[in-house]
Amino acid sequence: MTRTAPPAGPARPGFLWAVPAAVFFGLFAVVPLVMVAVLSFAEWDGLSGPRFAGLDNWRTLLDDPVMVKSLWLSVLLTGLGVLVQTPLSILLGVWAAGRQRNRAVLSAVYFLPMLLSIAAVSVLWRAVLDPNLGVPAHATWLFGDGNLFGSQATAIGVLVFVSTWQFTPLHTLIYQGAARAIPQVLYQAAQIDGAGTVRQFFHITLPQLRNALITSVILMVVGGLTTFDTVLILTQGGPGSDTTISAYYMYQKAFKSFDYGAASAVALLLVLVSTVISLIVVRLSGYDKMRSTMEGL
């Protein structure tokens, strides 16, 4: 008896399909990054021609206490954002993936902040939290003197709150999609074994959301380290330099001090820090070794 060969699967797309994306990525990502790296070793005020300065920009930055402080503030704000947004996003995403009554309407209302720009959201909360005309001025029993931007702790709290209010819906959407992809047979088997809702959540839902969790955390890390608009509009780096994160420090160097060489060094440093943290998250999570969506079981 002769065996018939199995039908050939669909051919993989050729290299030419990747050319448009590769060209786009090269022009708008690789080329600017290379230019920033070159400028980080130059002295340039934006008017005259760049002049090679060697490692002077890097030495100046490392000796600047504001720069070192801004880097730690960026890491702090990013860490607080991850700690606050992750549990909220997971719970809301799992809930939104269900079939509760009025779920679709409530989810649509909750996702409204995603439709607004960062600048619009920052202006909105700046007006709401204004110490003279905003809510704190009329609720001194809760906000004290009403100036939430007057101390480092409360100013950082405002930045974390505003970022959470706007970006939690995005990460909720990621978890919602991942939760809907979990096979229902797993929950049915757990119910037969007598597992309740809480045990199902911790032993089935969370492990199955592992891929989505790592993706969400990496997005939070990159977004947190490059936050700029919120600080510019809400605190302007104040009080003093207590909320001057690295991205805002870069803006000050480039557009206030006209020191584009130092600003490029800060930008390159942010790229390196973001890349290293993202690689650490991927490495520690084992995400790079996963081969299927059932790895979390």
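To be clear, the structure that these remarks concern was listed above.
On a predicted model such as this, the values are computed, not experimentally measured, just so you know.

Novice: What is the right way to look at the side chain of Gln176 in this model?
Specialist: With respect to the helices and strands, Gln176 occurs in helix α8 (residues 152-180). Its relative accessible area of 7% is what places Gln176 among the buried residues. Not counting residues within four places of it along the chain, the set of residues in contact with Gln176 comprises Gly93, Ala96, Ala97, Arg103 and Phe111.

Novice: Honestly, the layout of surface pockets in this entry has me stumped. Any pointers?
Specialist: Where empty space is left in the structure can be found by rolling a water-sized probe over the atoms. Considering only enclosed or pocket space, the largest pocket measures out at about 500 Å³ in volume. Taken together, 16 residues line the largest pocket, and the ones lying closest to its centre are Val94, Ala97, Gly98, Gln184 and Tyr187. Counting only elements with at least two residues in the lining of the largest pocket, the list comes to α3 (65-96), α8, α9 (184-192) and α10 (197-208). When grouped by side-chain class, the residues that make up the lining of the largest pocket number six nonpolar, eight polar and two charged.

Novice: How do you make sense of the environment of Pro32 when you look at a structure like this?
Specialist: With respect to the helices, strands and loops of the structure, Pro32 is situated in helix α1 (residues 19-39). Residues Pro32 and Trp95, spaced 63 residues apart in sequence, show a C-alpha to C-alpha distance of 41 Å.

Novice: Explain the packing of α8 against helix α11 (residues 210-225) to me, please; I cannot follow it from the model alone.
Specialist: Direction vectors running N to C along α8 and α11 enclose 165 degrees, while the axes themselves pass 10 Å from each other. On the basis of their axis angle, the class for α8 and α11 is roughly antiparallel. As α8 runs across α11, the sense of the crossing is right-handed. Contacts between α8 and α11 involve His171, Ile174, Tyr175 and Ala178 from the former and Ala212, Leu213, Ser216, Leu219 and Met220 from the latter. Partitioned by chemical class, the residues of the contact of α8 with α11 number seven nonpolar, two polar and no charged.

Novice: Explain the pattern of salt bridges to me, please; I cannot follow it from the model alone.
Specialist: When charged atoms on two side chains of opposite charge get close, those side chains can pair. With the rule as written, the count across this model stands at three salt bridges. With its nearest N and O atoms 2.3 Å apart, the salt bridge here joins Arg51 to Glu43. Look at Glu43 and you get partly exposed, because its relative accessible area is 41%. For Asp56, the salt bridge is made with Arg59, and the minimal N-O distance between the two is 3.1 Å. Here Asp56 pairs with Arg59, and both are found in helix α2 (residues 56-63), just three residues apart, close to one helical turn. For Arg59, a relative accessible area of 47% translates into the label partly exposed.

Novice: Help me understand the packing of α3 against α8, please; the structure alone is not making it clear to me.
Specialist: Axis angle and axis distance: for two packed helices, these are the angle between their axes and the distance between the axes, and together they describe the pair. Orientation of α3 relative to α8, taken along the N-to-C sense of each, is 40 degrees, at an axis distance of 6 Å. Between α3 and α8, the crossing angle belongs to the class labelled oblique. For the element pair α3 and α8, the recorded crossing hand is right-handed. Residues belonging to the contact of α3 with α8 are distributed by class as follows: 16 nonpolar, 11 polar and two charged.

Novice: Looking at this structure, how should I read the side chain of Lys253?
Specialist: Structurally, Lys253 can be placed in helix α13 (residues 246-255). Buried and unpaired, Lys253 has no salt bridge, with Asp64 as the nearest side chain of opposite charge at 4.5 Å. Among all residues touching Lys253, those that are not within four sequence positions of it are Asp64, Phe258, Asp259, Ala262 and Ala263.

Novice: Please clarify how the nonpolar core should be interpreted in this entry.
Specialist: Note on soluble globular proteins: their nonpolar side chains tend to be buried together. In this structure, Leu77, Leu129, Val158, Val162, Leu234 and Ile245 are the most contacted members of the largest nonpolar core, which totals 16 residues. Listing elements by their share of this core, those giving two or more residues are α3, α5 (118-128), α8 and α12 (229-234). With five residues, the top contributor of residues to this core is α8. Once residues within four sequence positions are removed from consideration, Ile245 is found in contact with Ser70, Leu73, Ser74, Leu77, Thr227 and Val231. Membership of the second largest hydrophobic core comes to 14 residues, among which are Ala178, Leu186, Ala190 and Leu209.

The rules behind the values
Residues numbered from 1 in each chain as written. Predicted model: local features only at pLDDT ≥ 70, side-chain atom pairs only at ≥ 80, totals over all residues. Heavy atoms only, no water. Helix = DSSP H or I, 4+ residues; strand = E, 2+ residues; numbered from the N terminus. Buried < 20%, exposed > 50% of the residue type's maximum accessible area, 1.4 Å probe, protein only. Contact = heavy atoms within 4.5 Å. 1 Å grid on protein atoms, 1.4 Å probe; cavity = no way out; pocket = protein on both sides within 12 Å on 5 of 7 lines; lining within 4 Å. Points joined across faces, edges and corners; volume = space filled by probe spheres on them. Nonpolar A, V, L, I, M, F, W, Y, C, P; charged D, E, K, R; others polar. Axes fitted to C-alpha atoms, helices over the stretch in contact; angles between N-to-C directions. Parallel < 35°, antiparallel > 145°, perpendicular 65-115°, else oblique. Left-handed = near helix turned anticlockwise from the far one by under 90°. Salt bridge = Lys/Arg side-chain N within 4 Å of Asp/Glu carboxyl O. Lys, Arg positive; Asp, Glu negative; His and termini not counted. Core = buried A, V, L, I, M, F, W, Y, C linked by side-chain atoms within 4.5 Å.

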